[in-house]
Amino acid sequence: MRIILLGPPGAGKGTQAKMISQRYGWPQISTGDILRSAVAEQTAMGREAKKFMDAGELVPDEVVIGVINERLTQADCQAGFLLDGFPRTVGQAEALTTALAASGGKIDMVIDLRVEAEELVRRLTGRRICRACGQMFHLEFSPPATEDVCDQCGGELYQRADDNEATIMKRFDVYRQQADLLESYYATGGAYHRLDGSAPIEEVRGALLALLDG
Ligand code: ADP
Ligand code: ADP
Ligand code: ZN
């Protein structure tokens, strides 16, 4: 299956994508993670992307489309994949459709996780991530057993630079500018499903699995 997870910052895309990926073996492809690695490694692309990410703005379409096109040609994507954080604009969605069509493929399912803004702010300000393995935690909603230490690998937990209140608000604005357009783009194909993401992690997971297995 080729799946897209849509939804605002903090909706739980990464959290759910990791679980689906482990269960079905489809790779989770997060443009945010790929871009943050490039920033950490200070590649030319990373240096270019950093300004946009720090400001809560979108990295230009050409850059992320290039990243995705390269990633999707790798062997592990042949049996399916899970996109988390891409596409974020109609331009990106069109480029993805074109890239898949070139090899006779298409997106099988688009799942749009929706959560109200107040809850999203709580999720994003409390989010902590493992520097070593990328596992997501939340200070209140899914705390690690030991403060600042990853349950899975013992790595150090950190807070993303853009998970501060001012940048979060900017990211919401950017999201709202694109959300309806993206929904319209996918609504006609029959693959689009909106899912309430406001329940606890395990409940959202159950609803997602029901959709995937149904
Ligand atoms: P996204 O990838 O959509 O930005 P994340 O998966 O990183 O979102 O989740 C944002 C934060 O909210 C993380 O700290 C995560 O642990 C927490 N979280 C995710 N899903 C839920 C949920 N259903 N209920 C409560 N907290 C959640
Ligand atoms: P979240 O889901 O919590 O908002 P992401 O990790 O998906 O965070 O994205 C973090 C930042 O990376 C975005 O604010 C943006 O600057 C950049 N980014 C990630 N994916 C894309 C994309 N598909 N198009 C443009 N910019 C992106
Ligand atoms: Zn870890």
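This one's a predicted model, so the numbers in the text were calculated from it and none came from an experiment. (Residues numbered from 1 in each chain as written. Chains lettered and ligands numbered in written order. Predicted model: local features only at pLDDT ≥ 70, side-chain atom pairs only at ≥ 80, totals over all residues. Heavy atoms only, no water.)

1. Remarks on the coordination of the zinc ion (ligand 3)
Step number 1: Around the zinc ion (ligand 3), the protein contributes the donor atoms Cys130 (SG), Cys133 (SG), Cys150 (SG) and Cys153 (SG), at 2.3 to 2.4 Å from the metal centre.
Step number 2: Geometry at the zinc ion (ligand 3) is tetrahedral, judged from its four donor atoms and the angles of 99 to 115 degrees they form at the metal.
Step number 3: In the primary structure, the donors to the zinc ion (ligand 3) are separated according to the pattern C-x2-C-x16-C-x2-C. Of this pair, Cys133 sits in the loop between β5 (127-130) and β6 (136-138) while Cys150 is found in the loop between β6 and β7 (157-158), placing the two residues 17 residues apart along the sequence. (Donors = N, O, S within 2.8 Å, 3.2 Å for Na, K, Ca; no water. Tetrahedral: all angles 85-135°; square planar, octahedral: opposite > 155°, others 65-115°. Helix = DSSP H or I, 4+ residues; strand = E, 2+ residues; numbered from the N terminus.)

2. What about the sheet that holds β6?
Step number 1: Read from one edge to the other, the open sheet built from three strands follows the order β6-β5-β7, with strand pairing classed as antiparallel. Strands with a single pairing partner mark the edges of an open sheet, and in this sheet they are β6 and β7. (Pairing = 2+ DSSP bridges.)

3. Observations concerning the pairing of strand β1 (residues 2-6)
Step number 1: Within β1, four of the five residues are buried, which leaves the element mostly enclosed by the surrounding structure.
Step number 2: Two elements, β1 and strand β3 (residues 81-84), share four bridges in a ladder whose sense is parallel. Looking at β3, one finds that Ile4 is bridged to Leu83.
Step number 3: In this structure, β1 lies alongside strand β4 (residues 109-114), joined through four bridges in parallel fashion. Within β4, the position partnered with Leu6 by the bridge is Asp112. (Buried < 20%, exposed > 50% of the residue type's maximum accessible area, 1.4 Å probe, protein only.)

4. Remarks on helix α5 (residues 90-101)
Owing to its 3.6 residues per turn, the α-helix brings residues three or four apart onto one side.
Step number 1: For α5, which comprises 12 residues, the first-to-last C-alpha distance of 16 Å matches the rise-based estimate of 16 Å (1.5 Å per residue) to within 8%.
Step number 2: All of the buried residues along α5 are Gln92, Ala93, Leu96 and Leu100. Seen along its axis, α5 keeps its buried residues to an arc of 100 degrees; they face one direction.
Step number 3: Its buried side turned inward, α5 meets β1, α4 (61-72), β3 and α7 (165-187). (Expected span 1.5 Å × (residues − 1). Arc of directions from axis to C-beta. Contact = heavy atoms within 4.5 Å.)

5. A few points about the sheet that holds β1
Step number 1: Strands sit in the order β2-β3-β1-β4-β8 across an open sheet of five strands; the sheet is parallel. Edge strands, defined here as strands with exactly one partner in the open sheet, are β2 (28-30) and β8 (192-196). The sheet shows a mean angle of 20 degrees between the axes of neighbouring strands, taken without regard to direction.
Step number 2: Strands β1, β2, β3 and β4 of the sheet are contacted by helix α1 (residues 13-24), whose axis makes an angle of about 170 degrees with β3. (Axes fitted to C-alpha atoms, helices over the stretch in contact; angles between N-to-C directions.)

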